[in-house]
Structure formats: C-alpha cells, structure tokens
Amino acid sequence: MKRNVSLEEISDGKLYGANDMVKADCNGCKGCSVCCHDMGGSIILDTLDVHRLRTYLKKSFEELLAEHVELQVVDGIILPNLKMSGEAQACTFLGSDERCTIHPSRPGICRLFPLGRYYENGSFRYFLQINECAKQNRTKIKVNKWLDIPDLKRYEEFVTKWHYFLNTAEDEIKQSQDETKIRNMNMLLLNLFYVKPYAENEDFYTQFYERLGEAEHLIFN
C-alpha cells in the first residue's frame, strides 16, 4: 500500500540497511498491543505471508478467508489483508491476553513495524516511523535481528521482486479500459499466488519465481 507523504514527515530522516542499528526494539511490547487494533485493511499480506500462515495453522486460503483474512482492492489489485473484528477492532489473531497467537509466523508488515520500507532504484531500504508506535523508550537493535527472518537476503530479494511486479501490474490495469481483462488479471494473481498452495517440502522462493515467471508471461506478453 503506497503512502502519499514525504519521508521527512513520517521518519527520523535516515535510511537503514539490514546491518544497521535502529531504535525499534519495543522490549517485547509488554503491556501494549495498540498496533494490533484499529488497523483497518492496512496489514496487506504478500504471498509468503499467506504461505506461512497456511503452514503454521494448517489451513487453506479459503479457511483463512472465513475468519482471519479479507480481500480488498489495493491500487487496482485485489490483495488480502488481516481482518480486524469486535468493538475494539482487534486483529483476529490477538489472544485474550493481548498477545499475538501467531507470533512465529506473523506477517512481514508486523515483523517490520515500527520500521517501513522506502523503495527506490529497483531496491529498498528501511526507515523508522516516528509517529506510529505507542511504545515509549524503545532501544536500539540491528534491523536484521528485529525482523527475525531466516535467509534475509533472499527474503529482501523476494520483497523487491513482489513490490515491483505489483507496480507493473498496477500500471497495466490503469492503462486498460477492458473490465473483463482487469477482472481476469486479478483472478489470475489471486489464484496463482494465494489460493494455490505452495509445497511445504520444497523451497518457497523457487516456487515463487516459477509462478512469477508464469504471471509475467500471461499478463505482459
């Protein structure tokens, strides 16, 4: 989801790499779950997020949609996001003790927060959001330790590819006046990257790039 604001408005003015220290550590978020409430549809799930949830919970995408995930149009493309529910508009994965029940497989945006990604020149760097996290007295931590993602280099390559692929698909939709074509494109992306399961005993990234090549061939050729 794109934000039409300047970096100066929302960050400390610095850009960070994976090995940089940043003041993001919330020390276990003890006594705080503000960022798990009232987030609307902002917690967009990429295809790896859904794969992790399916593997961790042993549920199909359809089962996730029934309780924890909803679909919305983001910049012209249908994408899933975490669902908020109840009077408190809390994430459906937030437990009665106000702790995350899927913490080991939490989505990339949740791992990232209060950091964000700043994309430029075919890549991205991280930035610290200064107005989003309610936790005070955060301490410094290495970005890669904060993210807690295995094989971070491959993950960052995946995130980059996914981001710029969606940008290209968005441009294709904007240029098209054919509603049937747009609907078919969205159904293709939804089914190929979310509904169709990835094999758990095979490398995710290899499978993803195979699907990405298929999507690019079908959409852009």
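Criteria and thresholds
Residues numbered from 1 in each chain as written. Predicted model: local features only at pLDDT ≥ 70, side-chain atom pairs only at ≥ 80, totals over all residues. Heavy atoms only, no water. Core = buried A, V, L, I, M, F, W, Y, C linked by side-chain atoms within 4.5 Å. Buried < 20%, exposed > 50% of the residue type's maximum accessible area, 1.4 Å probe, protein only. Helix = DSSP H or I, 4+ residues; strand = E, 2+ residues; numbered from the N terminus. Contact = heavy atoms within 4.5 Å. Axes fitted to C-alpha atoms, helices over the stretch in contact; angles between N-to-C directions. Parallel < 35°, antiparallel > 145°, perpendicular 65-115°, else oblique. Left-handed = near helix turned anticlockwise from the far one by under 90°. Polar contact = N/O pair within 3.5 Å; in protein donor to acceptor, adjacent residues only side chain to side chain. Salt bridge = Lys/Arg side-chain N within 4 Å of Asp/Glu carboxyl O. pLDDT = per-residue confidence, 0-100. Disulfide = S-S within 2.5 Å.

### Focus on the nonpolar core
Of all hydrophobic cores here, the largest spans 57 residues; its most connected members are Phe158, Phe165, Leu189 and Phe193. Among the elements that take part in this core, helix H6 (residues 152–175) stands out by supplying nine residues, more than any other. Each residue touching Phe193, except ones within four places of it in the same chain, is listed here: Thr47, Trp162, Phe165, Tyr198, Phe208, Arg211, Leu212 and Ala215.

### Remarks on the packing of H6 against helix H7 (residues 179–195)
Between H6 and H7, whose axes approach to 10 Å, the crossing angle comes to 160°. Taken together, the axes of H6 and H7 lie roughly antiparallel to each other. As for how H6 packs across H7, the hand of that crossing is left-handed. Mapping the contact onto sequence places Trp162, Phe165, Ala169, Glu172 and Ile173 in H6 and Lys181, Ile182, Met185, Asn186, Leu189, Phe193 and Tyr194 in H7.

### So, helix H2 (residues 47–57)
With respect to burial, H2 is a largely interior element, eight of its 11 residues being buried. Listing the buried residues of H2 in full gives Thr47, Leu48, Asp49, Val50, His51, Arg52, Leu53 and Arg54. For H2, the side-chain oxygen to backbone nitrogen distance between the N-cap and Leu48 is 3.0 Å, and the N-cap itself is Asp46. Of the residues flanking the end of H2, it is Lys58, one or two places downstream, whose phi is positive at about 60°.

### Some details on unusual backbone geometry
Between Phe113 and the following residue, Pro114, the backbone shows a cis peptide bond with an omega angle of 10°. One can find Pro114 in the loop between helix H4 (108–112) and strand S6 (115–120). Of note in this structure, Asn121 is not a glycine but carries a positive phi near 55°. When you line up the elements, Asn121 lands in the loop between S6 and strand S7 (123–128). The backbone of Asp148 shows a phi angle near 55°, a positive value even though the residue is not glycine. On the secondary structure map, Asp148 appears in the loop between helix H5 (143–147) and H6.

### Side note on the side chain of Thr160
For Thr160, the position within the fold is in helix H6. Residues in contact with Thr160, not counting those within four places in the same chain, are Gly122, Ser123 and Phe124.

### A look at the environment of His163
Take His163: it is sitting in helix H6. Separated by 117 residues in the primary sequence, His163 and Asp46 place their C-alpha atoms 9.3 Å from one another.

### A closer look at the pattern of salt bridges
By the definition in use, this model includes six salt bridges. Across the pair Glu200 and Lys58 runs a salt bridge whose closest N-O atoms are separated by 3.4 Å. Here the residue Glu200 occupies a position in the loop between H7 and helix H8 (204–220), and Lys58 occupies one in the loop between H2 and helix H3 (61–67), the gap between them amounting to 142 residues. This pair shows no difference in class: Glu200 is exposed, exactly as Lys58 is. Where Lys181 meets Glu172, a salt bridge forms, and the shortest distance between an N and an O atom there is 3.4 Å.

### Some points on the confidence of the model for the protein chain
Considering every residue of the protein chain, the mean pLDDT works out to 93; 98% of them sit at 70 or more. When mean pLDDT is taken per element in the protein chain, H2 scores highest with 98 and helix H1 (residues 7–10) scores lowest with 84.

### What to know about the state of the cysteines
In this structure the tally under the stated criterion is zero disulfides. With no disulfide partner, Cys36 has as its closest neighbouring cysteine sulfur the one in Cys35, 4.3 Å distant. Assessed through its relative accessible area of 23%, Cys36 is described here as partly exposed. Cysteine Cys91 remains unbridged, with the sulfur of Cys36 as its closest cysteine sulfur at 6.2 Å.

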